[in-house]
Amino acid sequence: MLLVVGAIFDEDLFPWQYGFRAGMDAKMALRRIHFGIADRGAREVVDADLSDYFNTIPQGDLLRCVARRVADGTVLATIRQWLDAPVVERADGGGEIRTTVARDTNRGAPQGGVISPLLANLYFRRFMLAWYGGGHARRLHAEVVNYADECAP
């Protein structure tokens, strides 16, 4: 599913969204900052780490983003199940700890989930649309480059 859905959404992502995309890596993001921004006279780079990003993504808004491009109910239901799946961790004593925080709060994309990086990129695209569409980039002469939950505006 990731191969099919990923190809659909990859076309929608901004070219300077580098995290978890085929053929892109953190070094490319750094090169974009250095050569694409600093060489144009920018004097400052702000490095931001979105705290607990994966765990705080509102699932309702995220699923609406997905549903704008995917109409297949089975695909949407499967993504919902991935988001609602319990997280199972090994306990120190050898047992398991099972949590359902994402399902209970309707927030988060489980880190380590096969589709979570794509969903995180898709949700971050909303910020990019607001930043560029709202004229903030032009008005502030500021570009955003992001890799996963890190960004440099």
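Residues numbered from 1 in each chain as written. Predicted model: local features only at pLDDT ≥ 70, side-chain atom pairs only at ≥ 80, totals over all residues. Heavy atoms only, no water.

> Any chance you could break down the nonpolar core for me, citing the residues and the numbers?
Phe9, Tyr53, Val66, Ile79, Leu83, Leu119 and Val145 are the most contacted members of the largest nonpolar core, which totals 33 residues. Contributing elements (two or more residues each) for this core: α1 (2-10), α2 (26-37), α3 (53-56), α4 (59-67), α5 (73-84) and α7 (116-133). Sequence-distant contacts of valine 66, defined by excluding residues within four places in its chain, comprise Phe9, Leu76, Ile79, Leu119 and Leu122. (Core = buried A, V, L, I, M, F, W, Y, C linked by side-chain atoms within 4.5 Å. Buried < 20%, exposed > 50% of the residue type's maximum accessible area, 1.4 Å probe, protein only. Helix = DSSP H or I, 4+ residues; strand = E, 2+ residues; numbered from the N terminus. Contact = heavy atoms within 4.5 Å.)

> Give a description of the packing of aromatic side chains that names residues and reports values.
Here the structure, examined in full by the defined rule, presents nine aromatic pairs. Between the aromatic rings of phenylalanine 14 and tyrosine 132, the centroid separation amounts to 5.6 Å while the plane-to-plane angle is 25°, which identifies the pairing as stacked. Taken together, the positions of phenylalanine 14 in the loop between α1 and α2 and tyrosine 132 in helix α7 put the pair 118 residues apart, joining distant regions of the chain. Owing to a relative accessible area of 15%, phenylalanine 14 belongs among the buried residues under this scheme. Aromatic pair phenylalanine 20 and phenylalanine 54: ring centres 6.3 Å apart, planes at 80°, arrangement edge-to-face. In this pair, phenylalanine 20 sits in the loop between α1 and α2 while phenylalanine 54 sits in helix α3, placing the two residues 34 residues apart along the sequence. (Phe/Tyr/Trp six-rings, centres within 6.5 Å; stacked < 30°, edge-to-face > 60°.)

> So, α1: which residues are in play, and what are the values?
The α-helix winds at 3.6 residues per turn, so residues separated by three or four positions along the chain end up facing the same way. For α1, the full list of buried residues reads Val5, Gly6 and Phe9. Taken around the axis of α1, the buried residues stretch over an arc of 100°, which confines them to a single face. Counted as exposed and oriented over 90 degrees from the buried face of α1: Leu3 and Val4. Those residues of α1 that are buried lie in contact with α4, α5 and α7. (Arc of directions from axis to C-beta.)

> Outline the environment of leucine 118, supporting the account with residue identities and numerical values.
Within the element layout of this structure, leucine 118 appears in helix α7. Along the chain, leucine 118 and alanine 148 lie 30 residues apart, while their C-alpha atoms are 9.5 Å from each other.

> Tell me about the packing of α4 against α5, and please be specific about residues and values.
At their nearest, the axes of α4 and α5 sit 11 Å apart, and the two run at 155° to each other. Here α4 lies roughly antiparallel to α5, going by the angle between them. Crossing of α4 over α5 shows right-handed handedness. Contact residues: α4 offers Gln59, Leu62, Leu63, Val66 and Ala67, while α5 offers Leu76, Ile79, Arg80, Leu83 and Asp84. (Axes fitted to C-alpha atoms, helices over the stretch in contact; angles between N-to-C directions. Parallel < 35°, antiparallel > 145°, perpendicular 65-115°, else oblique. Left-handed = near helix turned anticlockwise from the far one by under 90°.)

> So what's going on with the pattern of salt bridges? Residues and values would help.
Applying the stated criterion across every chain yields a total of five salt bridges. Between arginine 69 and aspartate 12 there is a salt bridge whose closest N-O contact spans 2.7 Å. Placement of the pair is arginine 69 in the loop between α4 and α5 and aspartate 12 in the loop between α1 and α2, with a sequence separation of 57 residues. With a relative accessible area of 42%, arginine 69 lands in the partly exposed category. Across the salt bridge formed by glutamate 143 and arginine 32, the nearest N and O atoms sit 2.4 Å from each other. Note that glutamate 143 is positioned in the loop between α8 (136-140) and β4 (145-147) and arginine 32 in helix α2, a separation of 111 residues in sequence. Since its relative accessible area comes to 24%, arginine 32 is described here as partly exposed. (Salt bridge = Lys/Arg side-chain N within 4 Å of Asp/Glu carboxyl O.)

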